[in-house]
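Fold and contact review
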Amino acid sequence: MDLELDGNAALVTASSSGLGFASAAALAREGADVTICGRDEDRLDDARDRLEAEAAGEVLAVPADLTDPDDVAALVDATVEAFGGLDHLVTSAGGPPSTTFLETSGRQWYEAYDLLVMSVVWTVESAHPHLLESDDGSIVCITSRTVREVADGLLLSNAVRRAVIGLVKTLSREFAPEIRANAVLPGTIETPRIEELIEARVARGSYADYDEGLAEMAADIPMERIGDPRELGEVVAFLSSPRASYVTGAEVPIDGGSLRS
Ligand SMILES: NC(=O)c1ccc[n+]([C@@H]2O[C@H](COP(=O)([O-])OP(=O)(O)OC[C@H]3O[C@@H](n4cnc5c(N)ncnc54)[C@H](OP(=O)(O)O)[C@@H]3O)[C@@H](O)[C@H]2O)c1
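Rules and cut-offs
Residues numbered from 1 in each chain as written. Predicted model: local features only at pLDDT ≥ 70, side-chain atom pairs only at ≥ 80, totals over all residues. Heavy atoms only, no water. Helix = DSSP H or I, 4+ residues; strand = E, 2+ residues; numbered from the N terminus. Expected span 1.5 Å × (residues − 1). Buried < 20%, exposed > 50% of the residue type's maximum accessible area, 1.4 Å probe, protein only. Arc of directions from axis to C-beta. Contact = heavy atoms within 4.5 Å. Polar contact = N/O pair within 3.5 Å; in protein donor to acceptor, adjacent residues only side chain to side chain. Pairing = 2+ DSSP bridges. Right-handed = clockwise from strand over helix to strand, strands pointing away. Domains from an automatic or database assignment. Buried area = accessible area lost by both parts, 1.4 Å probe. Salt bridge = Lys/Arg side-chain N within 4 Å of Asp/Glu carboxyl O. Nonpolar A, V, L, I, M, F, W, Y, C, P; charged D, E, K, R; others polar. Near = heavy atom within 4 Å. Areas by Shrake-Rupley, 256 points an atom, 1.4 Å probe, with all protein chains shown as cover. Core = buried A, V, L, I, M, F, W, Y, C linked by side-chain atoms within 4.5 Å.

Attention now goes to helix α3 (residues 69–83). In a regular helix each residue adds 1.5 Å, so 15 residues correspond to 21 Å; α3 covers 21 Å between its end C-alpha atoms and thus fits that length. Taken residue by residue, α3 has V72, L75, V76, T79, V80 and F83 as its buried positions. Seen along its axis, α3 keeps its buried residues to an arc of 125°; they face one direction. Looking at α3, the residues exposed on the side facing more than 90 degrees away from the buried face are D70 and E81. If you follow the buried residues of α3, they end up packed against β1 (9–12), β2 (33–38), β3 (59–63) and α4 (106–133). Put simply, D68 is the residue that caps the front of α3, since its side-chain oxygen is 2.8 Å from the backbone nitrogen of D70.

Now the structure itself:
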């Protein structure tokens, strides 16, 4: 299936690694011009090089901290200047720390809100006038399966991310019919973040080795394995594309069937 993304312009946030990178790569393989961002410039440059190796279109890498509204405005401006417009916005972010309620400080609540919610607010605010000019305007927000089913030790993800779902649902109504807005809900996907988590548990003695960690994480997943980032990126590219022209306000789990409702 041709996703009809050739020549369209896409901005993917938090995309020098992991789920954002995989989404940018899928859009780039389909011919979209893609902007990626992150804070660490070396990691960002390396990601741009890897993307250029498989991209059919242009790749732009812009250093930006998503918790800084000025950085976000400059990121959108740079995209529009380079590609002549913006058709597709995909939002990701870093992950909040793993904590329980009693060990979480007030500051951590605000930091998680800035990172997970306000980063999306700033990006949508800056991107909106450009998405409106596109014939194919779309927004896809990468959240987590925790918006449906809480995970132990992930208080901030469990609680704060639900605001993004409320935001996406509202945008899908306020911005229709010109701009579609959807969310994807990843389960466990083997990104550097998950690799670090498994390595940390191996170091603490919770798992004998990396493979045991992978097997433990996959234990409750009907597909019997954790996900590959490419499997998420391709769903994001489809939802971004005009081929998903009647899909808006959807929450799409990409979790190997692990959600029970
Ligand atoms: N992987 C999974 O299984 C999974 C499942 C559910 C939800 N999630 C969530 O999905 C998101 C992405 O996870 P991932 O696995 O892709 O993580 P990752 O591989 O660690 O990638 C995170 C990306 O975000 C960037 N980033 C972090 N903070 C940023 C900031 N303030 N401004 C700009 N860029 C920032 C990082 O670059 P810099 O550090 O250089 O800025 C990096 O490019 C997280 O919120 C995570 O909790 C992941």
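Further notes follow.
Here is the key point about a regular strand: its side chains alternate between the two faces of the sheet. In this structure, β2 lies alongside β3, joined through 5 bridges in parallel fashion. Residue pairing for β3: G38 is matched across the bridge by P63. This β-α-β element, β2 to helix α2 (residues 41–54) to β3, shows right-handed connectivity.

Turning next to the domain arrangement of the protein chain. Interfaces are often described in size by the accessible area the parts lose on coming together. Per the domain assignment, the segments making up the protein chain are domain 1 (9–188 + 228–254) and domain 2 (190–226). When residues of domain 1 are sorted by the area they lose upon contact with domain 2, T188, P229 and E231 head the list and together hold 55% of the total. Linking domain 1 with domain 2 are 1 salt bridge, by the criterion used here. Salt-bridge contacts for E231 lead to R225; the nearest nitrogen and oxygen are separated by 2.7 Å. Counting across the interface, domain 1 meets domain 2 through 1 residue pair in polar contact (both at pLDDT 80 or more). When residues of the side of domain 1 that touches domain 2 are traced back to their parent elements, those giving at least two are α1 (18–29) and α9 (229–240). Tallied by class, residues from the side of domain 1 that touches domain 2 come to 3 nonpolar, 4 polar and 2 charged.

Here we take up the site of the ligand. Around the ligand sit 29 residues in total, of which S16, S17, L19, R161 and T191 are the nearest. Contact distances for the ligand include 2.7 Å between an oxygen atom and a backbone N or O atom of L19. R39 places a polar side-chain atom, nitrogen or oxygen, 2.7 Å from an oxygen atom of the ligand. Protein coverage of the free-state accessible area of the ligand, which is 890 Å², stands at 92%. For the shell around the ligand, the elements supplying multiple residues, two or more each, are α1 and α7 (192–203). With 3 residues, the single largest contributor to the shell around the ligand is α7.

Attention now moves to the side chain of T99. Inspection of the secondary structure puts T99 in the loop between β4 (88–91) and α4. Beyond its immediate chain neighbours, meaning those up to four positions away, T99 contacts T104, Q108, G153, L154, L155 and L156.

Counting residues in each nonpolar core, the largest one holds 33 residues, and the members touching the most others are L75, L86, L89, V124, L131 and I139. Elements with a minimum of two residues in this core: α3, α4, β5 (138–142), α5 (155–160), α6 (162–174) and β6 (180–186). Considering each element in turn, this core owes the most residues, 7 residues, to α4. When neighbours within four sequence positions are excluded, V124 is seen to be in contact with L89, I139, L171 and F175. Listed in part, the 29 residues of the second largest apolar core include A28, A32, V140 and V184.

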